[in-house]
Amino acid sequence: MVVEKKKKTINRLKSMYPLRAKVNETYLKSIEAIQAGKPAVWGMLNFYYGDPILKAMDIEVVYPENYGAIAAATGVAQQYLDRADAEGFPTHLCGYSLTTLGYASRMMKELNGQIPPEAPFGGMPKPLFLMASAAICDARYKWFQALGRYMDVPVWPLEAPIPGIKEFSIEGYYDKMVKLGIKHLRDFVTFVEGMVGKKMDWDRLDKTANLMIEVNRVWHEVNELRKARPCPMHSRDFWSAMPAALFLAGDLEDSLRLYQDMYKEVKDRINSHVGTIPEEKYRLVFAELPPWHSLAFFDKLAERGWNFVIESVGYHPPIPIDLSEVSDPLERITKFSLQFLVGYYEDARKQNVLGGTTAYPYLKYAKEWKCDGALLHPLISCRSASTHLPYVSDMLMEKLKVPSLSIEGDIVDLRLFNPEDALAKAEPFEETMEYYRKMRKQEGFDW
Amino acid sequence: MSSKNKGLSKAQEIYLNRSQRARELKAAGKKIIGYPCVYVPLEMLTALDLVPYQTCGDIKEPVTEADRALPHSFCPIMRNCLDCALKGKNDFLDGMITIHSCDPQEKTARVWESYTNYPYFHFIDMPITVRPEALEYFKSQLNDFRKTLEAFTGKKLSADKLEAAIKSHNQQRALVRELYELTKPSPPLISGTEMVQVLKALTSLPVVGGNDLLTETMSEVKNRTAGPEKKSARLLIWSSTLDDTDIMQVFEAKANVVMNESCGGIRAYRSGVKFTADLLEGLADYYLNEITCARTFRQATLGETRKDYARDLQSRFGYLKGIIKEWKINGAIMLLVRYCDPFAFEMPSLKDYFDSLGVPSTYIEYDYTIGALAPLRTRVEAFLETIS
Ligand code: SF4
Ligand code: SF4
């Protein structure tokens, strides 16, 4: 009997697979290197400030935030959460932070610094130092500070200023942010040099910074192409492909080539009117962290004609700016990182939507990617990815007449996200999207 | 204020009707500026003849309006503050100043500004470290703040006026510390509940009025014959904000709260602004360095490449050591508002620190609603039993 393999509804990009494979390969290589004794640093997602510096110094970085997701998906997180609870950490804290704290407690208190045997994917070894970040949430530096209870490793908290939208236009404001960034990164370099016992190779940093900027520029252009109808690339491809740009995972020259290939493939699809799902009935924006463990849920929605054409602003590359005239790599890195934060500010101020880095981009997305609806995914234990969602929903409706569907989930308690319940809400939401499509027409919107 | 009350009863009256004095001042032509957090440099407002008014939550008020813009799993204090604002309880304000003291404050600031329509609104960014470049950046933030205040008032912020304002606010800080001296005896001469009333009254008054109130209160308390009765424990409460008498009474039913180490207590008053050639430098240093809130990242040595946990604890919590000794604290409560991440991460480490000093401590969480007070009481009583 011939078993016919069911064709997946989402037509994934071919160019995504080698990119993803590179990311995975890099991860495994990095684990091997660490196991062979190469020092590792634990880092928080830092929106480009610190990563190019560590990359230029050839330091392996593991991201406990990502490892928290792995621990949750493989079912080992619970024992670390229980441990963190028993140690007195409030249970409502960021689930990934609790996972790491429980993990560190097990590793240091019970196993004398050895990686716990149950830890999936090679585990996280004791780091040389911790690179925290002030960007986006308080957990990012308080969590690493709290690790001091278990590990005698120093922490460097990367500053990440966040201006008000109006205030940002005060004369000289931007320059002050840049000044802070450059001085701060210079001191960070000195700190890293002290930790690893070698000097920064500034030419290498220069090249790394340029590649980082270029990789992200191409990646941005890929996503711009998704404005086409039907949309040629699904959010699932976005999430699979993003680590190479966001975490600088892998060799940057490889990544650049692979993103360029992706650009070509997406462009080809547009030229031949190929969409990423068979029939695009609804175009949607997704906010924020996806349910990593239930991504097949999007295939079910694709069967209903839901295409996810844009997503998760926190994972998107900055709007490109020309930094070719900036000779100091630290200044270039600073300006590039700042661009992630303030790239939407000017527009946001004009529209009077005051979440420049969080809420406003979703309005831009909905408008320019011509979305019929927004699927919001508030997470119980990641407040920073959830806080702005009610405001996003309110603004989308008030300013663009785009409705939102909110489906709760969590980053570690995976049971909270119930794909069946969520799917049951799909049909009524389609009626809502239809209704607002008419409303938008009546009000003169062009989609 | 129309009332003839003085000292403690005046403080109580203001506490119970906080906005009344602000409304009267407004009617008399003053401009009233709101702020939600002790990190806002009030000296700069005072120097421009603006009246600072702290916008607080109201534990008795169920949050309804703020649901529109903030999720349930979010700092309940900020939700409540915003809710009060959206319900028009601060409708007399001429402006509002918000600050990036923590992520919820930053996020709430955006929503607040977007949903209200005050003639003036300003957001101050604040770095997380006390590194020199961070301090310099924060000073530049205060300078920008100055510019927008000058544009709003049409007046220049002169060095003389700012210096005089710093003096008045420093005087207020010194008076509060003096008042706290009166909780050192056993029994204390003033209760934790009365302290909350006095300190919260200060946040509704111009600085000079506040200083008068403190002076009156001091002399009244020193001379009164019937003060608080002696209870079984002398407690220190460490929290983000404890500025509500209903909450304080939960603790004071069976203990004397002699130190409220929170933004509703001594935190904003423990030291003073230094006079520097550039006054903004002294202000930046005071607000970034001297206020000991968990939101600031501190370490034993800046940029240290080695870490020692005991020294780390000392750098983060060392200020509590003297308090514990001088106020003869025999129990510490770490009162956590649910979803307050900066303070929540501190809990086990702070407990380690209290343990190292031999002070029994417990961590209790609540959600800043009236309904949370009964379980809070049970937890407090259980703790008091363990230390009695
Ligand atoms: S709260 Fe969310 S964004 Fe912040 S560290 Fe945790 S998972 Fe990451
Ligand atoms: S410090 Fe805590 S209680 Fe205060 S506003 Fe921030 S989250 Fe809320």
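Anyway, here's the lowdown on the structure attached to this text. Since this is a predicted model, take the numbers as computed values, not measurements.

Next up on the list: the overall build of chain A. In terms of regular secondary structure, chain A is built from 18 helices and 8 strands. Over its C-alpha trace chain A gives a radius of gyration of 22 Å, about what one expects of a compact globule, namely 22 Å for 447 residues. Burial status across chain A gives 64% buried among its 447 residues. Excluding contacts between residues fewer than 6 apart, the proportion of contacts in chain A whose partners are at least 24 apart in sequence is 78%. Split by element, the accessible area of chain A, about 16800 Å² in all, is 51% carbon and sulfur.

The side chains of a regular strand alternate, residue by residue, between the two faces of the sheet. Residues and elements named next belong to chain B. Where burial is concerned, most of strand β4 (residues 120-124) is hidden: 5 out of the 5 residues are buried. Burial along β4 is two-sided: the residues Tyr-120, His-122 and Ile-124 and Phe-121 and Phe-123 are all buried. In this sheet, β4 lies alongside strand β3 (residues 95-99) in parallel orientation, the contact comprising 5 bridges. Bridge pairing links Thr-98 to Phe-123 in β4. With helix α5 (residues 103-115) bridging β3 and its parallel neighbour β4, the resulting β-α-β unit is right-handed.

Residue and element names in this part refer to chain A. Around ligand 1, the structure places Met-44, Glu-65, Cys-94, Tyr-96, Cys-137, Ala-139, Arg-140, Trp-143, Cys-382, Ser-384 and Ile-411. Considering every element that reaches the shell around ligand 1, the biggest residue donor is helix α6 (residues 139-146), with 3 residues. Taken together, the residues of the shell around ligand 1 break down into 8 nonpolar, 1 polar and 2 charged.

Let's shift gears to the sheet that holds strand β2 (residues 60-62) of chain A. All names here are of chain A. With respect to topology, 4 strands assemble into an open sheet ordered β2-β1-β3-β4, the strand pairing being parallel. At either margin of the open sheet sits one strand with a lone partner, and together these are β2 and β4 (155-158). When strand polarity is set aside, the average angle formed by the axes of neighbouring strands in this sheet is 25°. When strand β1 (residues 40-43) meets β2, the two strands line up parallel, connected through 3 bridges. Counted as the bridge partner of Ala-40 is Glu-60 from β2.

Quick look at the site of ligand 2 now. Taken together, B:Cys75, B:Met78, B:Cys102, B:Pro104, B:Gln105, B:Ser240, B:Cys340 and B:Phe343 make up all the residues around ligand 2. Residue classes in the shell around ligand 2 are distributed as 6 nonpolar, 2 polar and no charged.

The next subject is the sheet that holds strand β8 (residues 361-366) of chain B. All names here are of chain B. Pairing in this open sheet of 4 strands is parallel, and the strands run β6-β5-β7-β8 from one edge to the other. A single partner strand is all that each edge strand has here, and the edge strands are β6 (256-261) and β8. The mean inter-strand angle of the sheet, taken between neighbouring strand axes irrespective of direction, is 25°. As defined by bridge partners, strand β5 (residues 234-239) adjoins β6 across 5 bridges and the pair is classed as parallel. Considered in β6, the bridge of Ile-237 is made with Asn-260. Of the strands in this sheet, β5, β6, β7 (331-337) and β8 touch helix α10 (residues 245-252), which is tilted by about 130° from β6. The strands touched by helix α13 (residues 319-326) are β5 and β6; relative to β5, the strand with the most contacts, the crossing angle is about 160°.

Here we take up the packing of aromatic side chains. The full count for this structure, using the stated rule, is 42 aromatic pairs over all chains. Relative to A:Phe429, the ring of A:Trp306 lies with its centre 6.0 Å away and its plane at 50°, an arrangement referred to as tilted. Pair noted here: A:Trp306 is in strand β6 (residues 306-311) and A:Phe429 is in helix α18 (residues 426-442), with a separation of 123 residues, a long-range link. Take A:Trp306 and A:Phe429: they sit in the same class, and that class is buried. Ring pairing ties together the aromatic residues A:Trp239, A:Phe286, A:Trp292, A:Phe297, A:Phe298, A:Trp306, A:Phe308, A:Tyr315, A:Phe417 and A:Phe429, which thus form one cluster. Just above the ring of B:Tyr286 sits the side chain of B:Arg173; from NZ or CZ to the centre is 4.3 Å. Between the NZ or CZ atom of B:Lys184 and the centre of the ring of B:Trp327, over which it lies, the distance is 4.5 Å.

Moving on to the interface of chain B and chain A. Reports often express the size of an interface as the amount of accessible area lost when the parts come together. At the interface, 63 residues of chain B touch 62 residues of chain A. Contact with chain A buries surface across chain B, with B:Phe297, B:Lys307 and B:Phe345 losing the most and accounting together for 15% of the total. Our enumeration of links across chain B and chain A arrives at 7 salt bridges. With its nearest N and O atoms 2.5 Å apart, the salt bridge here joins B:Glu136 to A:Lys179. Put simply, chain B and chain A have 24 residue pairs in polar contact (both at pLDDT 80 or more) between them. Secondary-structure elements contributing two or more residues to the side of chain B that touches chain A are α5, β4, α6 (132-153), α12 (309-317), α14 (341-344), α15 (347-356) and β8 of chain B. The class makeup of the residues in the side of chain B that touches chain A is 26 nonpolar, 13 polar and 24 charged.

Moving on: helix α4 (residues 77-86) of chain A. Given 3.6 residues per helical turn, the α-helix brings residues three or four places apart onto the same face. Residue and element names in this part refer to chain A. Restricting attention to buried positions, one finds in α4 the residues Ala-77, Tyr-80, Leu-81, Arg-83 and Ala-84. Considered in projection along α4, the buried side chains sweep an arc of 160° and stay on one side of the axis. In this fold, the buried residues of α4 make contact with α3 (64-73) and α5 (95-110).

Right, let's get into the packing of α10(B) against helix α16 (residues 373-387) of chain B. All names here are of chain B. At a minimum axis separation of 9 Å, α10 and α16 run at an interaxial angle of 25°. In terms of their interaxial angle, α10 and α16 are classed as roughly parallel. For the pair α10 and α16, the crossing hand works out as right-handed. Across from Asp-246, Ile-247, Val-250 and Phe-251 in α10, the residues of α16 making contact are Leu-373, Leu-376, Arg-377 and Val-380.

Each neighbour pair has its own omega, and for A:Ala287 with A:Glu288 the value is 5°, a cis peptide bond. One can find A:Glu288 in the loop between β5 (282-287) and α12 (297-303). Across the junction of B:Ser186 and B:Pro187, the peptide omega takes the value -5°, indicating a cis bond. Positionally, B:Pro187 belongs in the loop between α7 (159-181) and α8 (192-202). Although it is not a glycine, A:Asp58 sits at a positive phi angle of roughly 60°. In this structure, A:Asp58 sits in the loop between α2 (51-56) and β2. The backbone of A:His273 sits at a positive phi, close to 55°, despite the residue not being glycine.

In this section: the packing of α4(A) against α5(A). Residues and elements named next belong to chain A. Where α4 meets α5, the closest approach of the two axes is 7 Å, and the angle between their N-to-C directions is 80°. In terms of orientation, α4 and α5 fall into the roughly perpendicular class. Taking contact as the criterion, the partners of Ala-77, Gln-79, Tyr-80, Leu-81, Arg-83 and Ala-84 in α4 are, on α5, Gly-95, Leu-98, Thr-99, Leu-101, Gly-102, Tyr-103, Ser-105, Arg-106, Lys-109 and Glu-110. For the contact of α4 with α5, the residue count by class is 7 nonpolar, 5 polar and 4 charged.

To continue, consider the environment of A:Glu303. Inspection of the secondary structure puts A:Glu303 in helix α12. With 293 residues separating them along the chain, A:Glu303 and A:Ile10 place their C-alpha atoms 8.4 Å apart.

Residues and elements named next belong to chain B. Size it by volume and the second largest pocket reaches roughly 440 Å³. Along the walls of the second largest pocket sit 20 residues, with Tyr-15, Leu-16, Arg-18, Gly-57 and Asp-58 positioned nearest its centre. Put simply, the parts of the chain that give the lining of the second largest pocket at least two residues each are α1 (7-16), α2 (19-27), β2 (50-54) and α10. Grouping the constituent residues of the lining of the second largest pocket by class yields 5 nonpolar, 7 polar and 8 charged.

What follows covers the side chain of B:Glu304. Locating B:Glu304 in the fold gives a position in the loop between α11 (279-290) and α12. Within the buried core, B:Glu304 has no salt-bridge partner, and the shortest N-O distance to an opposite charge, that of B:Arg311, equals 5.0 Å. In this structure, B:Glu304 is in contact with A:Pro154, A:Phe191 and B:Gln299, ignoring residues within four places of it in sequence.

Rules used in this analysis
- Position numbers for residues count from 1 along each chain, tracking the sequence in the order it is written.
- Here the convention is simple: chains get letters from A, ligands get numbers from 1, in the order in which they are written.
- Side-chain atom pairs in this predicted model are given and counted only at pLDDT of 80 or more, local residue features only at pLDDT of at least 70, and totals for whole chains, interfaces and linings cover all residues.
- To obtain the side-chain values, all non-hydrogen atoms of the structure were used and water was disregarded.
- Every helix listed is a DSSP run of H or I at least four residues long, and every strand listed is a run of E at least two residues long, numbered separately from the N terminus.
- Atoms counted for the radius of gyration: C-alpha only. Globule rule: 2.2 Å times the number of residues to the power 0.38.
- Each residue gets one of three labels from its accessible area relative to the maximum for its type: buried under 20%, exposed over 50%, partly exposed in between, using a 1.4 Å probe on protein chains only.
- Contacts: residue pairs with any heavy atoms within 4.5 Å of one another.
- Accessible surface is estimated by sampling points in the Shrake-Rupley manner with a 1.4 Å probe; for residues, cover comes only from the protein chains shown.
- Paired strands, as defined in this entry, are two strands with at least two bridges between them according to DSSP.
- Seen with its strands pointing away from the viewer, a crossover is right-handed if its path from the first strand over the helix to the second goes clockwise.
- To be near a molecule or strand, a residue needs just one of its heavy atoms within 4 Å of it.
- Polar here means any residue other than Ala, Val, Leu, Ile, Met, Phe, Trp, Tyr, Cys and Pro, which are nonpolar, and Asp, Glu, Lys and Arg, which are charged; Gly is therefore polar.
- Convention adopted: a line fitted to C-alpha atoms gives each axis, helices being fitted over their contacting stretch, and angles between N-to-C directions are expressed from 0 to 180 degrees.
- Between the rings of Phe, Tyr and Trp (Trp by its six-membered ring), a pair exists once the centres lie within 6.5 Å; its type follows the angle of the planes, with under 30 degrees stacked, over 60 edge-to-face, and the other angles tilted.
- Only Lys NZ and Arg CZ are tested; either one counts as a charge over a ring when it is within 6 Å of the ring centre and within 35 degrees of the ring normal.
- When two parts are put together, the accessible area they lose, computed with a 1.4 Å probe and summed over both, is reported as buried area.
- One side-chain nitrogen of Lys or Arg within 4 Å of one carboxyl oxygen of Asp or Glu is enough to make a salt bridge.
- N or O atoms closer than or at 3.5 Å make up a polar contact, with two conditions inside protein: a donor-capable atom paired with an acceptor-capable one, and, for residues adjacent in sequence, both atoms drawn from side chains.
- Note: the arc covers the axis-to-C-beta directions of the helix.
- These descriptions rest on fixed angle ranges, namely under 35 degrees for roughly parallel, over 145 for roughly antiparallel, 65 to 115 for roughly perpendicular, and the rest for oblique.
- A crossing counts as left-handed when the near helix is turned anticlockwise from the far one by less than a right angle, and as right-handed when that turn is clockwise.
- Only protein atoms enter the 1 Å grid used here, on which a cavity is any set of points holding a 1.4 Å probe that cannot leave and a pocket is any open set flanked by protein within 12 Å on both sides along at least five of seven lines; residues with an atom within 4 Å of a point are listed as lining.
- Grid points are joined across faces, edges and corners, and a volume is the space filled by probe spheres set on the points.
- His is not counted here, nor are the chain ends, while Lys and Arg score as positive and Asp and Glu score as negative.

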